[in-house]
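Residues per chain, in single letters:
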Amino acid sequence: MARVKICGLTRDADLRAAIDAGADAVGVITEVPVDSPREVDPAKAADLLADVPPFVTATLVTMPESAERAVDLVRMAGPDAIQLHGEWTPDEIGFIRAETERKVLLAVDADDPVRAEEFDGVADALVVDSTDDAGAGGTGETHDWEATGQLAARLRTPVVLAGGLTADTVSEAVRIADPFAVDVSSGVELTDGRKDHNAVARFVANAGREMELA
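Residues numbered from 1 in each chain as written. Predicted model: local features only at pLDDT ≥ 70, side-chain atom pairs only at ≥ 80, totals over all residues. Heavy atoms only, no water.

Trainee: Got a minute to help me understand the overall build of the protein chain in this structure?
Mentor: Looking only at helices and strands, the protein chain features eight helices and ten strands. Since a compact globule built from 214 residues should have a radius of gyration of about 17 Å, the 16 Å found for the protein chain is in line with a globular shape. Viewed in the frame of its principal axes, the protein chain has a C-alpha envelope of about 50 × 40 × 30 Å. Relative to its full complement of 214 residues, the protein chain shows a buried share of 52%. Across the protein chain, contacts joining residues at least 24 apart in sequence account for 55% of those joining residues at least 6 apart. As displayed, the protein chain offers around 9800 Å² of accessible surface, 46% of which is attributable to carbon and sulfur atoms. If you average the places of the 19 positive and of the 41 negative side-chain charges in the protein chain, the two averages end up 6 Å apart. (Helix = DSSP H or I, 4+ residues; strand = E, 2+ residues; numbered from the N terminus. Rg over C-alpha atoms; globule rule 2.2 N^0.38 Å. Buried < 20%, exposed > 50% of the residue type's maximum accessible area, 1.4 Å probe, protein only. Contact = heavy atoms within 4.5 Å. Areas by Shrake-Rupley, 256 points an atom, 1.4 Å probe, with all protein chains shown as cover. Lys, Arg positive; Asp, Glu negative; His and termini not counted. Charge placed at Lys NZ, Arg CZ, Asp CG, Glu CD.)

See the structure below:
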C-alpha cells in the first residue's frame, strides 16, 4: 500500500475532498516560473495549508529563485514539508532543511537516475516525475514504472512516484514500482485546477489496492 499525496489544490472544497478521501498528504503550488492553473499566491497557499488537520502532511510545492526564497516561503505559508522543483545542489537542500526544520522533497526527472542517486540521503524524499525542460512537474505524462521501481530499490531515500497517474492506473503503478508514495494532480481533475472529487476518492482507494496479474 502506497501513501497518497493529492497535489495542485486551489480551492477549499477540493482540499476537504482530498482529506475526506483519506489522502496522507496534500500539496499547494506557489511561485513556479511556468504557466499553471494550479498555482496560487503565497497568501492563498498559507490559507489553504492552515486548514490541513493533524496527521495529514501539508506540503508547499514551489520552484523559487533561490534557497533563501524557499525559506521565506516556508515561513510565510507554514507547511509541514516543502517540495522543490528545478535545479538545486545538495548544499542548498541542506540549507533549506536546516533553516526551516521541515522535510524537503525534491523532484527529479524519471529519465535522470544519476541525479536521483546524487540526492540520496540528502533530501527527505525524491519525487520521481516526468518533468519539462524547466524541471517542473505536472506534465501529465507517465514514465517507466519498472525502471522507477528498480531505482527505488537502490536508494535509501523514499521515492514518491508521480507523472500521469490516474485512478484507473495507480494500482498497477504501485504494483510495478512499489513506491513509498504516489502523487497526483492533473489525473484527478475535472478541468485545470478543479478536482473531480469522485476521482480523488477512487485514486486514494486504488492506491492501496494492487491490481491482480492476468
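Trainee: Any chance you could explain the pairing of strand β1 (residues 3–6) here in plain terms?
Mentor: Here β1 pairs with strand β8 (residues 181–184) via four bridges, running parallel. Bridging from a neighbouring strand, Ile6 pairs with Val184 of β8. Of the pairings in the sheet, the one linking β1 to strand β2 (residues 25–30) comprises two bridges and is parallel in character. For Lys5, the partnering residue across the bridge sits in β2 and is Ala25. Chirality of the crossover, the property in question, places the unit of β1, helix α1 (residues 12–21) and β2 among those that are right-handed. (Pairing = 2+ DSSP bridges. Right-handed = clockwise from strand over helix to strand, strands pointing away.)

Trainee: How should I be thinking about the nonpolar core in this particular structure?
Mentor: Ranked by size, the top nonpolar core spans 37 residues in total, and within it Ile6, Val26, Val182 and Phe203 carry the most contacts. For Val26, the contacting residues outside a window of four places in its chain are Lys5, Ile6, Leu9, Leu15, Ala18, Ile19, Val52, Val56, Thr57, Ala58 and Thr59. Grouped together as the second largest cluster of nonpolar side chains are 22 residues, Ile96, Val104, Ala116 and Leu126 included. (Core = buried A, V, L, I, M, F, W, Y, C linked by side-chain atoms within 4.5 Å.)

Trainee: When you look at helix α6 (residues 145–154) in this model, what are you seeing that I'm missing?
Mentor: Because the α-helix completes a turn every 3.6 residues, residues three or four places apart line up on one side. Taken residue by residue, α6 has Trp145, Thr148, Gly149, Leu151 and Ala152 as its buried positions. End-on, the buried residues of α6 take up no more than an arc of 160 degrees, which puts them together on one face. Every exposed residue of α6 that faces more than 90 degrees away from the buried side is listed here: Glu146 and Ala153. Buried residues belonging to α6 abut α5 (113–118), β6 (125–129), β7 (159–162) and α7 (170–177). The residue sitting at the N-terminus of α6 and contributing the capping side-chain oxygen is Asp144; that oxygen lies 3.0 Å from the backbone nitrogen of Glu146. (Arc of directions from axis to C-beta. Polar contact = N/O pair within 3.5 Å; in protein donor to acceptor, adjacent residues only side chain to side chain.)

Trainee: It is not clear to me how the pattern of salt bridges should be interpreted in this structure. Could you clarify?
Mentor: Opposite charge on two side chains lets them pair, provided their charged atoms get close. Enumeration according to the criterion identifies 14 salt bridges in this entry. For Arg11, the salt bridge identified is with Asp14, shortest N-O distance 2.9 Å. Of the residues examined, Asp14 reaches a relative accessible area of 1% and is grouped as buried. For Arg38, the salt bridge is made with Asp192, and the minimal N-O distance between the two is 3.8 Å. One end of the pair, Arg38, is in the loop between β2 and α2 (42–50); the other, Asp192, is in the loop between β9 (189–191) and β10 (194–195), and 154 residues separate them in sequence. In this structure Arg38 comes out as buried when scored by relative accessible area, which is 10%. (Salt bridge = Lys/Arg side-chain N within 4 Å of Asp/Glu carboxyl O.)

Trainee: I keep staring at the packing of α7 against helix α8 (residues 197–207) and nothing clicks. Help me out?
Mentor: Packed helices, taken two at a time, are described by their axes: the angle between them and the distance between them. At a minimum axis distance of 8 Å, the contact between α7 and α8 shows a crossing angle of 30 degrees. Judged by the angle between their axes, α7 and α8 are roughly parallel. Like other packed secondary-structure pairs, α7 and α8 cross with a definite hand, here right-handed. Contact with α7, carried on its side by Val170, Ser171 and Val174, involves Phe203, Asn206 and Ala207 of α8 and no other residues of that element. Tallied by class, the residues present in the contact of α7 with α8 amount to four nonpolar, two polar and no charged. (Axes fitted to C-alpha atoms, helices over the stretch in contact; angles between N-to-C directions. Parallel < 35°, antiparallel > 145°, perpendicular 65-115°, else oblique. Left-handed = near helix turned anticlockwise from the far one by under 90°. Nonpolar A, V, L, I, M, F, W, Y, C, P; charged D, E, K, R; others polar.)

Trainee: For this particular structure, what's the right way to read unusual backbone geometry?
Mentor: Backbone geometry follows two general trends: most residues other than glycine have a negative phi, and most peptide bonds adopt the trans configuration. Even without being a glycine, Glu31 presents a positive backbone phi close to 50 degrees. Looking at where Glu31 falls in the secondary structure, it is placed in the loop between β2 and α2.

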